[in-house]
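# Examining the three-dimensional arrangement
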Amino acid sequence: MSEGAVKKEEKPRKFQAIRGTRDLLPPETALWTRVEQTAHEVFATFGFGEIRPPVFEPTDLFARAVGGETDIVSKEMYTFVDRSEKLEPQPSIGSMDVFLEQVKRLSKSGELPQDEIDLELVEKQWKKVDGLLQGISKIEAGSTEIYTLIMLFEALRLGGDVSLRPEATASVCRAYIEHNMQQLPQPVKLYYMGPMFRRERPQKGRYRQFYQIGAEILGGPDAPAIDAELIEMLMTFFGKLGLEGTTLDINSIGHAADNCRRGYVRKLKAELEKVKDKLGADSQRRIETNPLRVLDSKLEHEQAIVEQLPRIADNLCDDCKMHYAAVKRELALRDVAYRENWRLVRGLDYYMRTTFEITARGLGSQNAVCGGGRYDGLVQLLGGPPTKGIGFAIGEDRLILSLEESGKVPAAPGPDVYIAWMGQNAYATAIRAARALRNAGLRVELPATELKFGKALERASKLGSRFALILGDNEVADGQWTLKTLRDGSQQKLTEPALLEYLLKP
Ligand code: HAM
């Protein structure tokens, strides 16, 4: 086939970002940077240090921490088998014998997780299929044999089960345990920022790769002042960014004991059973899997029903009741305005006592910019020592959306100086000038090819440059450079040092 024919037939595929993911581009990325910089600054003033955990972890970590029955773990995780690098990438029929030998060897040496796999059965099945393949005509008759082999094969665990992180609290707790942070002065205060992954239905403010800025306090006491100061830090951060129309909702969901949340959930379940027929399919399912989540319902026709359900505040044990009352007092001491919301239960299993959520303006139905709460049992659940914990995560994408909706976007800055040069002598001077100006912190555009001055000035205006530095042979020869102020078109002649001084003048 001639080269031309190839080109015609194979039009290169146009790639697009995967649904639910997106490119963040300038000038918007300048706002992302400002938000992140502000987080670094504000969190440091509250004594937090940054942690950067990996973006993938063993699937079991999230299942254990967030909860196997939650939407996040049961439906939304990006999970894959991290195949041993010692295995052939894709075994073909011809190399099946070799491949099975490899699997056998690696599973014997413990490099493959072969706990429940019957490798012998796979081998036996392969021998049957191999026999069929010898007499090609029998293949059709043997299709169930081949199908069985494929099924057995898929059941082979050829590596560890890992997931892209849907959230980072589990990772931070894992790191706390792994690095023996309980030996540091307590509590340990950590924050993080970065991408999270959930396979949700994309819509405004909801993405499959989204970004969180979060903070966790681990260890030390469970003093209500800790809950309140963490929330104060959040509100300080939002205040610094000028985020408008925020509402802080708080609640206490008690702790897992018969005289507290467990007892309440039983009561709630009994009440829900009575009204089951009037509820939608999702809520009906949740009566069994997680009755608390029914309180989260956004369905119009369920609202009146939910309002009649027993409330958790009336069913907390004395300790949890006192803790909640003290959190509210501590918030008031810090002038943090809040709204009590008895239906705020959150969608992750690790919470106990204080839960909170913050909504902001301009976000439509996905209006929660931040969620968090206390999770005292989590470190222990992950194999660590009994440890108190509390934290939050801000949805950075939503925070940015809300700031944009209220016009809090910094204007994209154009260059300070556009250097219009003509002639080889002038070019060398232009390169030197660009370096000096950039070293002084100015934004400089130096065209890579020679342009007529008229064209160059046109480009400078289009880019929104403040000044154009005009360098031709005359300017270079007499050391007097021409600086044009593009706003009013005025021009002046300056020596190199005078130019720097003029441009750096506030
Ligand atoms: P979360 O409520 O699942 O909590 O998420 C926190 C925030 O992340 C949400 O309020 C929302 O702003 C943002 N978010 C969640 N999913 C998406 C999405 N698909 N697209 C865009 N933004 C999203 C947690 O993740 C907990 N780890 C928070 C925490 C930390 N609790 C204690 N410590």
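Computed from a predicted structure; not experimentally measured.

What counts and what doesn't
Starting afresh in each chain, residues are numbered from 1 along the sequence in its written order. With the structure being a predicted model, the display of local features is reserved for residues of pLDDT at least 70 and the display and counting of side-chain atom pairs for 80 or more, all residues being used for whole-chain, interface and lining totals. Here the side-chain values reflect all heavy atoms present in the structure, with hydrogen atoms and water set aside. A helix here means a DSSP run of H or I that spans at least four residues, while a strand means a run of E at least two residues long, and both kinds are numbered starting from the N terminus. Any two residues having at least one pair of non-hydrogen atoms within 4.5 Å are treated as being in contact. Any residue under 20% of the maximum accessible area for its type is buried, any over 50% is exposed, and the rest in between are partly exposed; the area is computed with a 1.4 Å probe on protein chains only. Summary of the distance rule: residues count as near a molecule or strand when at least one heavy atom falls within 4 Å of that molecule or strand. Two N or O atoms count as a polar contact when they lie within 3.5 Å, although within protein this holds only if one can serve as hydrogen donor and the other as acceptor, and sequence-adjacent residues are included solely when both atoms are side-chain atoms. For every accessible area listed, the method is Shrake-Rupley and the probe measures 1.4 Å; residues are considered covered only by the protein chains on display. Residues were grouped as follows: Ala, Val, Leu, Ile, Met, Phe, Trp, Tyr, Cys and Pro as nonpolar; Asp, Glu, Lys and Arg as charged; and all remaining residues, including Gly, as polar. Only centres within 6.5 Å qualify two rings of Phe, Tyr or Trp (six-membered ring in Trp) as a pair; their planes then separate them into stacked at under 30 degrees, edge-to-face at over 60, and tilted for everything else. Residue count minus one, scaled by 1.5 Å, sets the expected span of a helix. Here, two cysteine sulfur atoms that lie within 2.5 Å of each other are counted as a disulfide.

### Examining the side chain of Asp-227
Along the chain, Asp-227 turns up in helix α9 (residues 224-241). Apart from the residues lying within four places of it in its own chain, the contact partners of Asp-227 are Asp-222, His-323, Val-327, Thr-354, Arg-374 and Ile-390.

### What to know about the environment of Ser-92
Locating Ser-92 in the fold gives a position in the loop between β3 (79-83) and α5 (96-108). For Ser-92, a relative accessible area of 41% translates into the label partly exposed. For the pair Ser-92 and Tyr-502, spaced 410 residues apart in the sequence, the C-alpha separation amounts to 71 Å.

### Quick notes on the site of the ligand
Near the ligand you find 27 residues, and of these Glu-167, Glu-200, Glu-216, Tyr-351 and Ala-368 are the closest. Note that an oxygen atom of the ligand is positioned 2.9 Å from one of the side-chain N or O atoms of Arg-198. Within the complex, 96% of the 660 Å² of free accessible area of the ligand lies under protein. Elements with a minimum of two residues in the shell around the ligand: β6 (209-218), β10 (368-374) and β11 (389-395). In terms of residue count, β10 provides more of the shell around the ligand than any other element does, 6 residues in total. Residues of the shell around the ligand, tallied by class, amount to 12 nonpolar, 8 polar and 7 charged.

### Here's the deal with the packing of aromatic side chains
Scanning the model with the defined rule gives 11 aromatic pairs in all. Consider the rings of Phe-43 and Phe-392, whose centres lie 6.1 Å apart with planes at 75 degrees: the pair is edge-to-face. Separated by 349 residues along the polypeptide, Phe-43 in helix α2 (residues 28-45) and Phe-392 in strand β11 bring together distant segments of the chain. Note on Phe-43: relative accessible area 0%, which makes it buried. Measuring from centroid to centroid gives 4.3 Å for Trp-421 and Tyr-427, while their planes differ by 35 degrees, and the two rings are tilted. By relative accessible area, Trp-421 is classed as buried at 4%. The class for Tyr-427 is partly exposed, based on a relative accessible area of 26%.

### Brief notes about helix α6 (residues 119-134)
Taking 1.5 Å of rise per residue, 16 residues should cover 22 Å, and α6 covers 23 Å from first to last C-alpha, within 8% of that figure. Residues of α6 that are buried include every one of Leu-119, Val-122, Glu-123, Gln-125, Trp-126, Val-129 and Leu-132, and no others. For α6, the elements touching its buried residues are α5 and α7 (143-155).

### A word on the state of the cysteines
A complete count under the given rule lists 0 disulfides for this structure. Cysteine Cys-317 shares no disulfide, and the gap to the nearest cysteine sulfur, in Cys-320, comes to 3.7 Å. Take Cys-317: its relative accessible area is 8%, and that puts it in the buried class. Cysteine Cys-370 is unpaired, with the sulfur of Cys-173 as its nearest cysteine sulfur at 16 Å. For Cys-370, a relative accessible area of 3% corresponds to the buried category.

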